[in-house]
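Structural features, examined
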Amino acid sequence: QKEVEQNSGPLSVPEGAIASLNCTYSDRGSQSFFWYRQYSGKSPELIMFIYSNGDKEDGRFTAQLNKASQYVSLLIRDSQPSDSATYLCAVKGFGNEKLTFGTGTRLTIIP
Amino acid sequence: DTAVSQTPKYLVTQMGNDKSIKCEQNLGHDTMYWYKQDSKKFLKIMFSYNNKELIINETVPNRFSPKSPDKAHLNLHINSLELGDSAVYFCASSPTGVGGYTFGSGTRLTVV
C-alpha cells in the first residue's frame, strides 16, 4: 500500500464549478497535511496546510481533514482555467520533518 | 528576493560523468532537502539536513552525496551518472517542526 494515495486523473471540471481533489494516507500517526499545486515545468507551490479535523478555508480553497478515515481533500470553488495544474497531497508524521507526497492529481478546468 | 535558488536549471551530461547541483536559501530556515521527481511526476525525498547535520538519508545509491557547508546551503554531488538518474531534482527548505516546504525551481538533469 502506498503511503499517500491520490487519483492520478485527469480530472476535468467546467469553469465556475467546484473541483474536488481527494487523498488518503496510511500512517495513522500523521500530524500535518499539505496541498501543493504544480504547473507543468514548474516547482510545487504550497496552497494550504491543515492540522486539525474539519474544514479550513482560504479564499476559493477549502481543505478538509478526517483523521479517523485517514482522508484529506481539497475543494476549489469557482474553478478558473488558471487552476489547471497537478495537485500534490503531502503528509508529515509526528516529530518527523519528512514530507511524503502522493503521485498527484492532474486537474483541467474547461472554459 | 527571499527564495530557494538552485543552479544549474538544466544539466545535460554523458553517462559516467560526475556533476554537482547547488542550492541556497535565504529564508532563515533550519532544514533543507533534496527531492527527486521522476518522469511520472512522483516526488521522492532523498536527503535532509537540519543545521548542517544529516537527518534523513533515504535509500539512495552511494553515488549521490549531499554536502551542507552551512545551514543556508545544501549541495548534491552525483558520481558516475547513469541513464536512470535523469529526472528533475528539487531543493527545498522549511522551518523546523511546523509548516510546509518552499521549493527551488528545480534542476532538470538529462544523462545521455
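Quick caveat: nothing in here was measured; it's all calculated off a predicted structure. (Residues numbered from 1 in each chain as written. Chains lettered and ligands numbered in written order. Predicted model: local features only at pLDDT ≥ 70, side-chain atom pairs only at ≥ 80, totals over all residues. Heavy atoms only, no water.)

Quick notes on the pattern of salt bridges
- Summed over all chains, the structure comprises 7 salt bridges over all chains.
- For Glu57(A), the salt bridge identified is with Arg77(A), shortest N-O distance 3.4 Å. Of this pair, Glu57(A) sits in strand 6 (residues 54-58) while Arg77(A) sits in the loop between strand 8 (71-76) and strand 9 (85-93); the two residues are 20 residues apart in sequence, bridging distant segments of the chain.
- Overall, Glu57(A) belongs to the exposed group, its relative accessible area being 59%.
- One salt-bridge network, in which partners are shared between bridges, spans Arg63(B), Glu82(B) and Asp85(B). (Salt bridge = Lys/Arg side-chain N within 4 Å of Asp/Glu carboxyl O. Helix = DSSP H or I, 4+ residues; strand = E, 2+ residues; numbered from the N terminus. Buried < 20%, exposed > 50% of the residue type's maximum accessible area, 1.4 Å probe, protein only.)

Considerations on the interface of chain B and chain A
- If you look at the interface, chain B gives 22 residues, while chain A gives 17 residues.
- Roughly 1,500 Å² is buried in total at the junction of chain B and chain A, and carbon and sulfur atoms are behind 55% of that figure.
- Broken down residue by residue, the surface that chain B buries against chain A is led by Leu43(B), Tyr101(B) and Phe103(B), which jointly contribute 29%.
- Counting across the chain B and chain A interface gives 1 salt bridge. (Contact = heavy atoms within 4.5 Å. Buried area = accessible area lost by both parts, 1.4 Å probe.)

As for the state of the cysteines
- Counted according to the given criterion, the structure contains 2 disulfides over all chains.
- Put simply, Cys23(A) and Cys89(A) are joined by a disulfide, and their sulfur atoms are 2.1 Å apart. Taking the torsion about the S-S bond as the criterion, the Cys23(A) to Cys89(A) disulfide, at about -70°, is left-handed. Remark: Cys89(A) occurs in strand 9 and Cys23(A) occurs in strand 3 (residues 19-25); sequence separation between them is 66 residues.
- A relative accessible area of 1% means that Cys23(A) is categorised as buried.
- Disulfide pairing is shown between Cys23(B) and Cys91(B); the S-S distance is 1.8 Å. (Disulfide = S-S within 2.5 Å.)

Just distances and angles here, no functional claims.
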